[in-house]
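Analysis of the macromolecular model
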Amino acid sequence: MPGQAGREYGPGVTDDDGSTDDGYFGENIAADYDDDTADMSRPDAVDPAVDLLAGLAGDGAALEFGVGTGRIALPLAGRGVPVHGIDLSRAMVKRLRAKPGGAAVGVTIGDFATTRVTGEFALAYLVFNTINNLTTQDAQVDCFRNAAAHLRPGGCFVVEVGVPELRRLPPGQGAVPFHISDTHWAFDTYDPATQAMSSHYVTIVDGRAQHSSIPFRYVWPAELDLMARLAGLRLRDRWESWTREPFTGESRKHVSVWEKPAG
Ligand SMILES: C[S@@+](CC[C@H](N)C(=O)[O-])C[C@H]1O[C@@H](n2cnc3c(N)ncnc32)[C@H](O)[C@@H]1O
């Protein structure tokens, strides 16, 4: 429900409800997350994002939806921007906390589609395709409303997400492989009727196949613009990347900025 309170981690705040719902980012994923995303954590990947976000935050505070282990939040806080995060996963947040500077980033455990935190923000942001973790259109709409509710007039909501790769699907085919080796196969499945997609992983361990899958909802740029409009935001910029290349029909992802009108 909109307005649902979260539980906060930060100086002087504790969590004691004992809940263990880490969504799809429990201990098994969190333990390897930083190693698995090492390419995305290098300065050449992170710095352009942090430059852009710090510029939008200006002298205000930033709120990250799905803060995770702090890949973006920590360097952004290192630029002097006060950063607060919302995340479902205690296991991910525990990794953030253990890093240098981690104690300075306040975190609220909760669903970023609905969880409210105190304060007014110049910037809310949601990177690395994480809006796709919300698997219904309603939840994605709620997420925009929640971002807008946290922004001060003139504040911005930034989303980094892939353009749905339906052009890779020949007629009649609903799956696209993205990793094939002797012991590990990974593929995405798409349902264009519902915009449901899933990533599937099959790994041979001790001669036996293990399968896991994560559900997503893919979403089009124009659909996000409508969600923003429903939330009272308007599109300010859309680029192909954090380095502000123009977004075109060939772009495979976008970084979009919606603004809450001043006054
Ligand atoms: C792909 S990771 C991204 C983490 C970080 N933003 C980064 O760029 O490395 C997605 C994060 O979003 C969190 N997450 C996914 N769905 C969520 C939801 N509905 N509410 C809160 N957190 C969520 C996960 O727990 C995870 O930490």
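Before any of the text, the structure's been laid out above.
Rules used throughout
Residues numbered from 1 in each chain as written. Predicted model: local features only at pLDDT ≥ 70, side-chain atom pairs only at ≥ 80, totals over all residues. Heavy atoms only, no water. Helix = DSSP H or I, 4+ residues; strand = E, 2+ residues; numbered from the N terminus. Rg over C-alpha atoms; globule rule 2.2 N^0.38 Å. Buried < 20%, exposed > 50% of the residue type's maximum accessible area, 1.4 Å probe, protein only. Contact = heavy atoms within 4.5 Å. Areas by Shrake-Rupley, 256 points an atom, 1.4 Å probe, with all protein chains shown as cover. Lys, Arg positive; Asp, Glu negative; His and termini not counted. Charge placed at Lys NZ, Arg CZ, Asp CG, Glu CD. Axes fitted to C-alpha atoms, helices over the stretch in contact; angles between N-to-C directions. Parallel < 35°, antiparallel > 145°, perpendicular 65-115°, else oblique. Left-handed = near helix turned anticlockwise from the far one by under 90°. Nonpolar A, V, L, I, M, F, W, Y, C, P; charged D, E, K, R; others polar. Arc of directions from axis to C-beta. Core = buried A, V, L, I, M, F, W, Y, C linked by side-chain atoms within 4.5 Å. Salt bridge = Lys/Arg side-chain N within 4 Å of Asp/Glu carboxyl O.

Structural notes on the overall build of the chain
Scanning the chain from N- to C-terminus turns up seven helices and 14 strands. Since a compact globule built from 263 residues should have a radius of gyration of about 18 Å, the 18 Å found for the chain is in line with a globular shape. By principal-axis analysis of the C-alpha atoms, the chain measures approximately 55 × 40 × 40 Å. Here the chain holds 263 residues, and 45% of them are scored as buried. The long-range share in the chain, meaning contacts at least 24 apart out of those at least 6 apart in sequence, stands at 60%. Just so you have it, the chain exposes about 12900 Å², and 53% of that area is on carbon and sulfur atoms. Looking at charge distribution, the chain has the averaged site of its 24 positive side-chain charges lying 4 Å from that of its 35 negative ones.

Quick notes on the packing of helix α6 (residues 137-150) against helix α7 (residues 221-230)
Geometry of a packed helix pair, given as the angle between the helix axes and the separation of the axes. Where α6 meets α7, the axes come as close as 8 Å, and the angle between the chain directions of the two elements is 55 degrees. By the angle class used here, α6 and α7 are oblique. Handedness of the α6/α7 crossing: right-handed. Contact residues: Gln137, Gln140, Val141, Phe144 and Arg145 in α6; Glu223, Leu224, Met227, Ala228 and Leu230 in α7. Considering only residue class, the contact of α6 with α7 consists of six nonpolar, two polar and two charged.

Some points on α7
Buried within α7 are the following residues: Pro221, Glu223, Leu224, Met227 and Ala228. The buried residues of α7 occupy an angular sector of 155 degrees when the element is viewed end-on, so they sit on one face. In this structure, α7 carries Ala222, Leu226, Arg229 and Leu230 as exposed residues pointing more than 90 degrees from its buried face. Structurally, α7 contributes buried residues whose contacts are with α6, β8 (151-162), β12 (208-217), β13 (234-239) and β14 (253-259).

Observations concerning unusual backbone geometry
For residues that are not glycine, phi is negative in most cases, and the peptide bond is trans in most cases. The backbone of phenylalanine 128 shows a phi angle near 60 degrees, a positive value even though the residue is not glycine. Note that phenylalanine 128 resides in the loop between β7 (121-126) and α6. Residues other than glycine seldom take positive phi values, yet glutamine 195 does so here, at roughly 65 degrees. Tracing the sequence through the fold places glutamine 195 in the loop between β10 (184-191) and β11 (196-205).

Examining the packing of helix α1 (residues 27-36) against helix α5 (residues 90-98)
Where α1 contacts α5, the axes come no closer than 8 Å and their chain directions differ by 35 degrees. Here α1 and α5 pass one another in a crossing that is right-handed. Where α1 abuts α5, its residues Glu27, Ala30, Ala31 and Tyr33 lie against Ala91, Met92, Lys94 and Arg95. Residues belonging to the contact of α1 with α5 are distributed by class as follows: five nonpolar, no polar and three charged.

Some remarks on the environment of alanine 147
The residue alanine 147 is located in helix α6 in this model. Distance from alanine 147 to valine 158, taken between C-alpha atoms, is 9.5 Å for residues eleven residues apart in sequence. Sequence-distant contacts of alanine 147, that is, excluding residues within four places in its chain, are made with Phe65, Ala124 and Phe157.

Quick look at the nonpolar core
In this structure, Leu76, Leu123, Tyr125 and Val158 are the most contacted members of the largest nonpolar core, which totals 30 residues. Looking at this core, the elements with two or more residues in it are α3 (43-57), α4 (73-78), α5, β5 (106-109), β7, β8 and β14. With eight residues, α3 is the largest single contributor of residues to this core. For leucine 76, the residues in contact, after removing those within four places along its chain, are Val50, Leu53, Ala54, Ala62, Val81, Val83 and Tyr125. Counting 29 residues, the second largest nonpolar core, distinct from the first, contains Ile131, Cys143, Phe144 and Phe157.

Regarding the pattern of salt bridges
Pairs may arise between side chains of opposite charge once their charged atoms sit close together. Applying the stated criterion across every chain, the model contains 15 salt bridges. Of the charged contacts, one joins aspartate 34 and lysine 99 as a salt bridge, the two residues approaching to 2.8 Å between their closest N and O atoms. Residue aspartate 34 is found in helix α1, and its partner lysine 99 is found in the loop between α5 and β5; the two are separated by 65 residues along the sequence. By relative accessible area, aspartate 34 is classed as partly exposed at 27%. Using a relative accessible area of 25% as the deciding quantity, one classes lysine 99 as partly exposed. In this structure, aspartate 44 engages arginine 42 in a salt bridge whose closest nitrogen and oxygen atoms are separated by 3.1 Å. The exposure class assigned to aspartate 44 is exposed, which follows from its relative accessible area of 52%. Accessibility expressed as a relative area gives 41% for arginine 42, which makes it partly exposed. It is possible to trace a salt-bridge network through shared partners that takes in Glu27, Lys94 and Arg95.

None of the figures reported here should be taken as evidence of function without further support.
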